[in-house]
Amino acid sequence: MDALATVTYAGTKKNLVESGMVAETPAIAAPSAEDDFWKVTVVLEFPRDTDPFLKSTVKAAEAAIKYHCASVFGGSATEIPIKVDIKTEFKSKPRPEVGKMLPQVKNIIAVSSGKGGVGKSTVSANLAIALARLGYKVGLLDCDIFGPSMPKMFHVEDERPYAVHVDGRDLICPIEAYGIKMLSIGFFVSPDTATLWRGGMATNALKQLIADADWGELDYFILDTPPGTSDIHLTLLQTLAITGAVIVSTPQQVALADARKGIDMYRNEKVNVPILGLVENMAWFTPAELPENKYYIFGKEGCKQLAAEMNVPLLAQIPLVQSICESGDAGEPAATNSETATGLAFINLAQAVVTVVNKRNRELPKTNIVGVK
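Please read these numbers as outputs of a predicted model, since none were measured by experiment.

So, on to the nonpolar core. Residues Leu141, Phe154, Phe221 and Ile222 are the most contacted members of the largest nonpolar core, which totals 88 residues. Excluding residues that lie within four positions of it along the chain, Leu141 makes contacts with Leu183, Leu206, Leu209, Ile210, Trp215, Phe221, Ile222, Leu223 and Asp224. Ala3, Val7, Val42 and Ile86 belong to the second-largest nonpolar core, a separate cluster that totals 20 residues.

Below you can see the structure in the form of structure tokens.
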């Protein structure tokens, strides 16, 4: 105990004894006929299994015990015949292993696009709200670590998630808005500061938002993925059994070329996530003063043609209307008002998603999690 009192735990800036981390009185066994060394067994209790200071603390404790024994017996720490066995326990239960996360979530939907700027986050937010308005329990995860937008779109930028203790684990409690549970890295970083993280830090943060949050029972868990095909997408595929993907694109050929890449990623034989359908966003422009007029400023029915080519459903064609942008910036997504043309379009999208998900679950086996290599 004297030796352990010399080791500082970085998490509390106090020593292991003061921090209450010595779970049991250390056990000491004298040399025997079978073992010609002293054996010291110590049990240290850490807050959680993902503690960033765990390995360094264990090594420091082992070195301190050997050094202390050397000073007591005389000689150097390398000469004293002593074996230190440090066991670790955790106040919070360990994170569930891959394959057992989110056991109460029925369907996981990845909203994806090969290209940025096509309105994927707008579709994700409005789809989640529309599903909630249809009576389903919905969760929404903003998977864009470097460009989170959901806090702004839901007008909850100032909210800060807090921890709750559930079944022996400390979990993040999602923010609730418009009847859905939501998490985003945007709740934990400054909105005015760039997130300068390497890929490993970003993926670890994403895993925490998935596995260390109190999502509870959900009918639909919407993943708003970042553009392209990146580490984030691989992490999602290696962490969750995704029910299916919804691909968002505008009608223009540049966007459609990238949408094909997004479709190919999910259809890859190692991934094998079903494509639930395509959403053509900004399908046409309709000015507020001429609601019957349609101007195909990004091309006409390009996504509809791609859906036919790829043999997948076209789930919806969402018009480019000024109110969609304004409502998103104001934190009141269009789907909150089903009496408008755009609100009705997102309600119809939600109904189409429910239909294709039910069909997928009837006809196809459950998606397998992609193996880690």
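Having seen the model, we can carry on.
What follows deals with the packing of helix α6 (residues 253–267) against helix α7 (residues 302–310). Taken N-terminus to C-terminus, the directions of α6 and α7 make an angle of 30 degrees; their axes are 11 Å apart at the nearest point. Along this stretch, α6 crosses α7, giving a crossing that reads as right-handed. Along the contact surface, α6 presents Leu256, Ala259, Arg260, Ile263 and Arg267, while α7 presents Gly302, Cys303, Leu306, Glu309 and Met310. For the contact of α6 with α7, the residue count by class is six nonpolar, one polar and three charged.

Once that is clear, we can look at α6. The end-to-end C-alpha separation of α6 is 21 Å, in line with the 21 Å expected for 15 residues at 1.5 Å each. When we look at burial in α6, the residues that qualify are Ala255, Leu256, Asp258, Ala259, Gly262, Ile263, Met265 and Tyr266. The arc that holds the buried residues of α6, viewed along the axis, is 165 degrees, so those residues lie on one side. Opposite the packed face of α6, turned more than 90 degrees from it, sit the exposed residues Gln253, Lys261 and Asp264. Against β6 (105–112), α5 (231–239), β13 (244–249), β14 (275–285) and α7 lie the buried residues of α6.

Glancing now at the sheet that holds strand β5 (residues 82–90). With mixed pairing, three strands are arranged side by side in an open sheet as β3-β4-β5. The two strands at the open ends of the sheet, each matched to only one other strand, are β3 (27–29) and β5. Taking each pair of neighbouring strands and ignoring which way they run, the sheet shows an average axis angle of 20 degrees. In the sheet, strand β4 (residues 38–46) pairs with β5 via nine bridges, with the strands oriented parallel. Looking at β5, one finds that Thr41 is bridged to Asp85. Across the sheet, helix α1 (residues 54–73) is in contact with β4 and β5; its angle to β5 comes to roughly 145 degrees.

Conventions and cut-offs
- Residues numbered from 1 in each chain as written.
- Predicted model: local features only at pLDDT ≥ 70, side-chain atom pairs only at ≥ 80, totals over all residues.
- Heavy atoms only, no water.
- Core = buried A, V, L, I, M, F, W, Y, C linked by side-chain atoms within 4.5 Å.
- Buried < 20%, exposed > 50% of the residue type's maximum accessible area, 1.4 Å probe, protein only.
- Contact = heavy atoms within 4.5 Å.
- Axes fitted to C-alpha atoms, helices over the stretch in contact; angles between N-to-C directions.
- Helix = DSSP H or I, 4+ residues; strand = E, 2+ residues; numbered from the N terminus.
- Left-handed = near helix turned anticlockwise from the far one by under 90°.
- Nonpolar A, V, L, I, M, F, W, Y, C, P; charged D, E, K, R; others polar.
- Expected span 1.5 Å × (residues − 1).
- Arc of directions from axis to C-beta.
- Pairing = 2+ DSSP bridges.

Everything listed here is a matter of geometry and, on its own, says nothing about what the molecule does.
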